[in-house]
Every structure is written in C-alpha cells, then in structure tokens.
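# An overview of the molecular structure
Residues per chain are reported as follows:
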Amino acid sequence: MADKSTEAAQSKEVQNPPSSHEPPKPKTEKELERERQKAAKLEKFHAKLASKKAKEESRKPKIEKKSKIAEPTAEFVEQTKLGEKKILQDLESPSLKSYNPRAVESAWYDWWVKSGFFEPEFGPDGKVKEEGKFVITSPPPNVTGALHIGHALTIAIQDSLARWNRMKGKTVLFLGGFDHAGLSTQSVVEKKLWAEKKQTRHDYPRNDFVDIVWKWKEEYHERIKKQMSRLGGSFDWTREAFTMDENLTRAVVETFVRLHEEKIIYRANRLVNWCTALQTTLSNLEVENVEVNGRTEIKVPGYDHLVEVGVLTSIAYEVEGSDEKVIIATTRPETLLGDTAIAVHPQDSRYKHLHGKSVKHPFCDRSLPIICDDIAVDMEFGTGAVKITPAHDPNDYEVGKRHNLAFINILNDDGTLNQSCGEFAGMKRFDVRIKIAERLKELGLFVGTQDNPMVIPVCGKTSDIIEPIMKPQWWVNQKEMANAAAEVVRSGEIDIAPEVSRRDFIRWMENIQDWCISRQLWWGHRIPAYFVKLSDAKNHDKSDDRYWVSGRSIEEVEEKAKAAFPGKSFTLEQDEDVLDTWFSSGLWPFSTLGWPNETADLKAFYPTDLMETGWDILFFWIARMVMMGIKLTGQVPFKRVFCHALVRDAQGRKMSKSLGNVVDPIDVIEGISLQALHDKLLVGNLDNREIEKAKKGQKMSYPKGIPQCGTDALRFTLCSLTSGGRDLNLDILRVEGYRKFCNKLYNATKFALGRLGPSFVPNETDKPTGKESLVEKWIFHRLNVAVDAMNKYMEEMNFLQATSAVYQFWLYELCDVYIENSKYLISDGSPIQQESAKQTLYTVLDTSLRLMHPFMPYVTEEMFQRLPRRPSDATPSIVKAKFPVSREDYAFEQAAKDYESIITVVHSSRSMMADNSVKSDAVLYVHPGQKQQELFNAEIASIQSLIKKCKSLKIVDTDFKGENCAKSDILEGCTVFLEKGE
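If you're wondering where the values come from, they're calculated on a predicted model, not measured in any experiment.

### Re the overall build of the protein
A tally of regular secondary structure across the protein gives 28 helices and 33 strands. Pairs at least 24 residues apart make up 77% of the contacts formed inside the protein by residues separated by at least 6 positions. When the accessible surface of the protein is summed, it comes to about 46,200 Å², and 50% of that surface belongs to carbon and sulfur atoms.

Here it is in structure tokens:
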C-alpha cells in the first residue's frame, strides 16, 4: 500500500513546463496557492458538468428499463412434504429474492416437532443433563375462540427463554396446554345457541349440552394450537395437557377430597356475587368495577331500555307510634324490599330518643327495628341513618350477623323478584327500581334524588350488574395456605419480578378472604360432593356441611356416609354445581406432570423453574398455584415468577372487541385488509351497534389494514417492548419496522453466502487463526460484548436490553461495518486477507444467527441451514445448536479501541457530507493525531470503503491548511476535512 502521507506532500509541488524563451520567473507561495485553487475549481466544474450530463442521461427512458420494473413478488410454493426437512429453494428464485415471511417460515415448525427437537433431552443415564434443567408450564389459553396479541406476548417471552436454555444444553421442558374455562366457554356457546337457534342450555339435557361444548372445544382447541405453532412456540406437544383430561380431573377430585377432609373446604350459606344473566356466582376477582361520575344510563342484559345508575334516592321511613320519619338514602331502591333494620350511631343525639323503637315498612307487613351500630354508621355522612339489607349487601351482611337480624332474600336466580316481595313479585329488579319510586311518591315517602359518583360491579363476561345474594356454596379457607405462600416469597424461595408484583402478592396474601369455588354451570369439573338425604329426616338443610360427604369414587362416598350416619337409611345426591375454573388451574404446574401419581415427569421436572404471565392474573392464578403447590406437594411449584405488561393499542386503550382494537396475531403475521377486519366482526357475538362502533375503531387503528409482518418481526417487537412496566402500547408500525430488520438480516446473510462462494469450506474450529485484520479483531470483540450482554439480560429476563443488544450488533456492527469492510478485503485483499475475511465472516454470521434465534426462530433457521457446516459439525438444526458464550480468544481490547477510532472518522466524515449536502464524490482529508498516525496510514482503504460515496481520502500533515474545506476536530489531535462543493 502506497505511503499516502508522502503522496500528499508531493501534491504540494507544482511542476511548470520549460519555456523556449526566457527562464521562468519564480512565483510566490501566494500565487502558487491561487493557481492550485483555480485548478481545483476548474476540475470540480468539469466534474460537475459530467455529473449533470450523466444524471440527464439517466432520466431518459431506456428500452431495457421495462424489464427492471418491479413485479409483484412471485407466489411461494412449498415443495416440502409435511413434517420433512425443508427443501431449500434457490435464493435467486422470484419468491426468495427478498425477504418473504411466508416463504421463510414455511415447513420448519412441522419438521421441528416431528424430529423431536422440542422434547426434553436427557443425559446418557436417562436423568437431567449436567448443564441443568429449565421447566416452564405455559398459562393454558381458554378454549373460547382464538388467541389475541396478549397471548402472543406470553408465547414470545416464554419461547425465547425456552430456546435460549435449550441451546445452552439444558434439559428443557416447555409444557403447553389448554384450559376448559368453564364460565367463559359456556357463555360463548350459549350465546351461539341463542343467536342461531334461540335456545338456552335449559332446552337440552345436561349431558347433551355438555356434548355440544365438547364439540366446540375440539374445534377451537385445534384452531388455538395452530396459532401457538405459528407463533413458533417450542412446546413439547407429546405432553400437551387439557384441564379436563383424565389425569387432571383426577387431580381436581383428589384436591377437593383432601381439603374437604381437612375442613379447609367447607359448605356455608353466605353472600356471593351473583350474575343473573349467567345465573352463577363469581369470585371477587371476576367482578369488574366500573366507575360512574353521577347519573348514567348503561346497557344491561335482558332489558330493552337503558338502566339508570349513579343516583342516590332519599326515602322516608315512618316511625311506629309517632308522626316522625327517618330519612335514609340508597342507590338501590329495589333492595328496600329486603330491609330488616335501620341503623344509627349510638352517640348521634338526633336519634337517641328512637333507640329501641321501630319503623314501618311501606310495602311489607313487618316492622324494622332501629339499631345502634358504631361500625356501620358514620353520623357525619348524610342523615346519619342507614337502611340494613343483610341478604343483599356485604356491609349489611356483617351488621345482620352482629345484631342477629333476619336475612331476607328478594331475588330469584334470573334477577326477578321472588314471592316475598308482594306486589312486586315476578318483576325485573331494575323495573322494580322505577316502580318503587312511583309508589313511594304515591305514599308521600319519596324525598328526592341526587347524582352520586359510585362504582358499579359488573360481570366481565356479560356486563350484567352483579347482585350480592345469599347462596349455600362451597368455600376454601385460604388463611393458612396464604401465610405459607407469603413466607416463601418473603424468604426469596420464590422470586417475583418486577418488585411491584412482589409487593402486591404479599399484600394480597396478608388480606386474603375465603374463596367461593362453586359455579352454577354445566361445563367443568362437577363437584365430587354428595348430600346425604336421610330417610327419617323432616328437614334437609343443604347449607349444613354435616350432611355432605366427598370422595374419589361413589364407593368411597357410600362408605363415608355409612360411617357418618351409622344404621341410618339414606340416598346420595351429587352437587349439581361445578368448580371454579381457577381451582383446576391452580394445580397446573404439578397436575400436568402426573400428580397425584408419582410419575417420572413429576420426579424429574418438579418444582418447575419459571412461571411467566401477565400481572393481571397474579392473584387469580399465581397465588393459587403457590398456595396449592405448597399444600399438596410440600414444595413451591416454581422458583421464579415474571409478570409481563398488558398489551394495549397504540393509543394506550385496553384491547376490546367493541373498540375494534383486538388483534389476532395471525393477522399481523399474514397481513389483512381493513375490509377483512370488518368482516371478522360479523362472526362474533357483538350486536349491530357494537359492530358499527368496532368498525370505526378498526378504521382509526388500521386505516390501511395490517401489513404482512411475519412471526419473527412480531415476536421481536413484543419482546423489545417488554420493560417491566404495567402496560405495553403496541403500534403495528413498530412491527412493520422490525419486519424491515428481518429483511436486513436475510439480505446480509444472502450477500455473505454470495461472497463466501459455493466452494467455501469453514475451518475445523471457530478459533481465530492469528491472521485477522484489525476489523476482524474488532468484530470478534464486539461479538463477545453482544454475547455477554445477551446472556446477562436473558438471565435477568430484561428483554428490552437483550433485544437491543442483539439488534444493535446485527444492524450497526455486523451489517454496517464488518460486512461493508469485508467487501474490500474479500475483493481487493491479498489471498491471505481474503481467506481470513471469509472465515471471520462465516464465524461471526453463524454465531450471530444463533444469538438471534431465541427471538427470531424462523429466519435464523432458514439462513443457518443455508450456511455450510464445519467438517466435524453435525448439528441438525439451529434449535439444537450451542448458544454463544463469551470467549477469551475473541477479546481484542486494544484492536477494538483502535478500530473505534476509525469508526469515529467514518461517522464524522458522513456527518460532514450530510451537513454540506455532499451526496457523492466526496474529497476528504484526515490529519491524524500522533496516536493515530500509523493506524490511519495502515487502514486508509478500509476507512474510505466505509465512508461510501467517497472519491478521495488522503492523510495530510500539519502543513495542510484545508481552505475551502469544512472541518471537524475529533479524537485527540485529529481533524477531518471535507472539500466544499461549488
């Protein structure tokens, strides 16, 4: 390579031609400088003319350009048989010339599954490998319809961890399955029956209706399984589980019987949350609280008119034996019919003269005692008098128990008023609300109304307003189990992240209440408890736990009944109700491994290593798994919990079908038009008004539909947005951006394959040879940094930083620097330089694909399979390839620092070109500092190739003035000059 500093020095001399006349007159340095500038300007002028002419020529239409007009991407046709290893088609074929997610993602998944790559790999002794194990049981999606983008986030996170651990050589079990989702599934099936046939479940025998739900389950189970597969989830499908499978059902029965025998599960007539639309109880966690600021009309199932809420109605009760009236206020006037007392504060002077007296009920033939209660009554609030309805209000329920009041239920299961309500019997509850106001006005007992900000409890499935009601149900006393669960989290035996979720968990455990597990449904695990109906008994109180026995079989139940009632004649009646879905879900980490049987899987894989899910089901599910796991197995069910954010739309709104912003991950993978999105609304359970609202929402969120992005881009986006916050706002344009990154990765590998050539053979090992150039040492060092970061952040489950590390390396270091620099080395370097650059390119590319694989399984497998393998490498798939680890022989600290100086020159040069509108043919000069002199002289060709659009780059000394040049001082004593245009 020529000495550029000598060349620059020589350029200062101007050789004048000899004259035939008088000897030339010596010119001053100033004149010489003017001539140089004039010559340079003239040269630039001619170059400018030539450039202008070339541009004009390029604008002229050319015949051959017809053939270069971009044509639609050719349809990809898969040639591989289902389950066979993919037949790799020519990258120059029309459908593969650029990144095509459909082509890249085709065929791989079925081959992975058929080859058993997702099944746990044990050591030679049949036990967990010495590298350790990684077991994660995925939250089972409900078999209610289809996965949404929140499920895609869960799979993306969990699968990236499963693939990473598998590549680290561990015995990995990623266990997937499905939840029967009693309430949700029965609800959608009943809606479908009503829409299609105007029938309810009560039009069928119980078993026939359950058969209809099983058919629904089979259809949607397959649909959801295909979605999970499309998302690349590396589940071990040979161990697929369903919460109503034979063994999981056995686990449910075993749990109920054990806890009932220990009196942890008990029967009691207590206040529950009742959904009149579904006619079932709900747990507190299944009730959504809707805030209203005052008088508001809302839609309630079963009513043709809107129902008014957020109103406080004041009513007068007449005191018996006097003309006095006690004014009370209520937001639920219909519950007046269940009132059994009026409460006042014992220290309230306004009512002391009424202590021990009663008021007359305006519609029922009963007196209501005026009681004193300093817990229920705040004498500073309202009138200081409170109506007490023990059977229909949680606070009043406690008052009723304290004062031994009557508990009068006024509601039928369907929300109509029962026979205890006199003239209002048979009417709907919210129609009674209106009618009672009218009747009170007639009686002169109506005082008035006012707006009242309040919270309305509604059913998340039906939007029905929840009614507190007395029902004999099965309950779980969770106090002791919750104490044990809180303790293992406090001690660190279970680590919950982020910290806010850990604090929430402990707070919930410390304030836990008994759990109602009865559900008045037909789809689910029927409660294995039987009422013992004694032949000689006159009254049969089904709320009395003494008359209930449970068992694993009818034979066991009969034996228990005989023991409990020796010598008595009886019949057995099984409870009609089913168990809350979360009861079976709470057993998921160990029931899926064979519990209550002592199976090989339970021994090998339990406790599991990680539970990853959304923070919103921390108590619904995670808490119950921890409590049940410790209680039933004596061990924690998992060692770590990671709670990810909830996915919202780009505007930060909750995903909702009625808003039209619910996203099917397959629509993001394959792309879908706006009209097709509209059409999908018609096959759901939305009414016409909701459909129109949803269409407007879709048009706002996806005005041009959703572009085809592919699985890899979707997964990478979701992981990159996971930062430990509570919400994750997903903009589809972000996914489209990462699709372009997939294209970059695809084309970079494709380009590298072309540079390596068909005859390229990788070295036996990936160790450096000692012949590496500076840029090769730099890329090895940067690869080491990326590998270190990726492993560190994956261990910490910091997906934002992990995706950032691998993205930055691929885009800004491998593609923008090394591949660009290798072009020069491979095409113009010596044979030794060419071979070294190729070997480095291969090694770094192979390692980088493995580094990216946990996030982007499809494109990395596609390109990995196209790379030649090292002579001794028989790795069948990137799924089974070794994950990169940090290496001492890749640590070129000084070389990396030196090359960073070169990159600084490159970036500075590009910035000056942009600032000065120099788009091509840039003329640059670099005056290196003392430390960079030798380095820049040796690497000037590399610098020029990286700058791009650079016509000339010269190293100059301190004599260079840089007139008519832009300049930038960089590094220590180093300056870059750019000749300005005319």
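### Description of unusual backbone geometry
With an omega dihedral of 0°, the bond running from Ala497 to Pro498 counts as a cis peptide bond. Structurally, Pro498 is set in the loop between strand 19 (495-497) and helix 12 (499-510). Residue Pro596 follows Trp595 across a cis peptide bond; omega there is 15°. Mapped onto the secondary structure, Pro596 falls in the loop between helix 15 (588-591) and helix 16 (600-605). If you check the backbone angles, Lys949 has positive phi at about 55° while not being a glycine. Mapped onto the fold, Lys949 is located in the loop between helix 28 (933-947) and strand 31 (950-955).

### Section: the sheet that holds strand 24 (residues 570-574)
Spatially, 23-22-24 is the arrangement adopted by the three strands of the open sheet, whose pairing is antiparallel. Two strands lie at the open edges of the sheet, namely strand 23 (548-550) and strand 24, each paired on one side alone. This sheet shows a mean twist of 35° between the axes of neighbouring strands, independent of strand direction. Bridge count for strand 22 (residues 529-534) against strand 23 is three bridges, and the pairing is antiparallel. Note on strand 23: the bridge partner recorded for Phe531 is Trp548. This element, helix 8 (residues 246-261), spans strand 22 and strand 23 of the sheet and lies at about 135° to strand 23.

### Some remarks on the packing of helix 23 (residues 774-796) against helix 24 (residues 799-828)
Here helix 23 crosses helix 24 at 170°, and the two axes come no closer than 9 Å. Relative to helix 24, the element helix 23 is oriented roughly antiparallel. For the crossing formed where helix 23 meets helix 24, the hand is left-handed. For the pair helix 23 and helix 24, contact is made by Val775, Glu776, Trp778, Ile779, Arg782, Leu783, Ala786, Ala789, Met790, Tyr793 and Met794 and by Phe799, Gln801, Ala802, Ala805, Phe809, Glu813, Leu814, Val817, Tyr818, Asn821 and Leu825, respectively. Partitioned by chemical class, the residues of the contact of helix 23 with helix 24 number 17 nonpolar, two polar and three charged.

### Digging into the side chain of Asp649
Looking at where Asp649 falls in the secondary structure, it is placed in the loop between strand 28 (646-648) and helix 18 (665-670). The contacts of Asp649, once residues within four sequence positions are left out, are Met655, Asn661, Ser701, Asn729 and Leu730.

### Remarks on the sheet that holds strand 18 (residues 467-476)
Ordered by their spatial adjacency, four strands build an open sheet running 6-5-18-20, and the pairing between neighbours is antiparallel. One side of each edge strand has no neighbouring strand; the edge strands of this open sheet are strand 6 (280-282) and strand 20 (515-516). The pairing of strand 18 with strand 20 spans two bridges and is classified as antiparallel. Directly across from Trp475, in strand 20, lies its bridge partner Cys516.

### With respect to the packing of helix 22 (residues 732-756) against helix 24
Interhelical geometry of helix 22 versus helix 24 gives an angle of 25° and a closest axis separation of 11 Å. The angle between helix 22 and helix 24 falls in the class roughly parallel. The crossing of helix 22 and helix 24 is left-handed. In this structure, helix 22 contributes Tyr738, Phe741, Lys744, Leu745, Ala748, Thr749, Phe751 and Arg755 to the contact, and helix 24 contributes Tyr807, Trp810, Leu811, Cys815, Asp816, Ile819, Lys823, Ile826 and Ser827. When the residues that make up the contact of helix 22 with helix 24 are grouped by side-chain class, the tally is eleven nonpolar, two polar and four charged.

### Digging into the nonpolar core
The biggest cluster of nonpolar side chains holds 156 residues, and the ones touching the most others in it are Ile149, Trp810, Phe855 and Leu924. Ranked by residue count, the leading element in this core is helix 24, at 15 residues. Among residues more than four places away in sequence, those in contact with Leu924 are Ser909, Met912, Met913, Ile947, Cys950, Ser952, Leu953, Lys954, Val976, Phe977 and Leu978.

What counts and what doesn't
Residues numbered from 1 in each chain as written. Predicted model: local features only at pLDDT ≥ 70, side-chain atom pairs only at ≥ 80, totals over all residues. Heavy atoms only, no water. Helix = DSSP H or I, 4+ residues; strand = E, 2+ residues; numbered from the N terminus. Contact = heavy atoms within 4.5 Å. Areas by Shrake-Rupley, 256 points an atom, 1.4 Å probe, with all protein chains shown as cover. Pairing = 2+ DSSP bridges. Axes fitted to C-alpha atoms, helices over the stretch in contact; angles between N-to-C directions. Parallel < 35°, antiparallel > 145°, perpendicular 65-115°, else oblique. Left-handed = near helix turned anticlockwise from the far one by under 90°. Nonpolar A, V, L, I, M, F, W, Y, C, P; charged D, E, K, R; others polar. Core = buried A, V, L, I, M, F, W, Y, C linked by side-chain atoms within 4.5 Å. Buried < 20%, exposed > 50% of the residue type's maximum accessible area, 1.4 Å probe, protein only.

Honestly, that's just the spatial picture; any functional story needs more than this.
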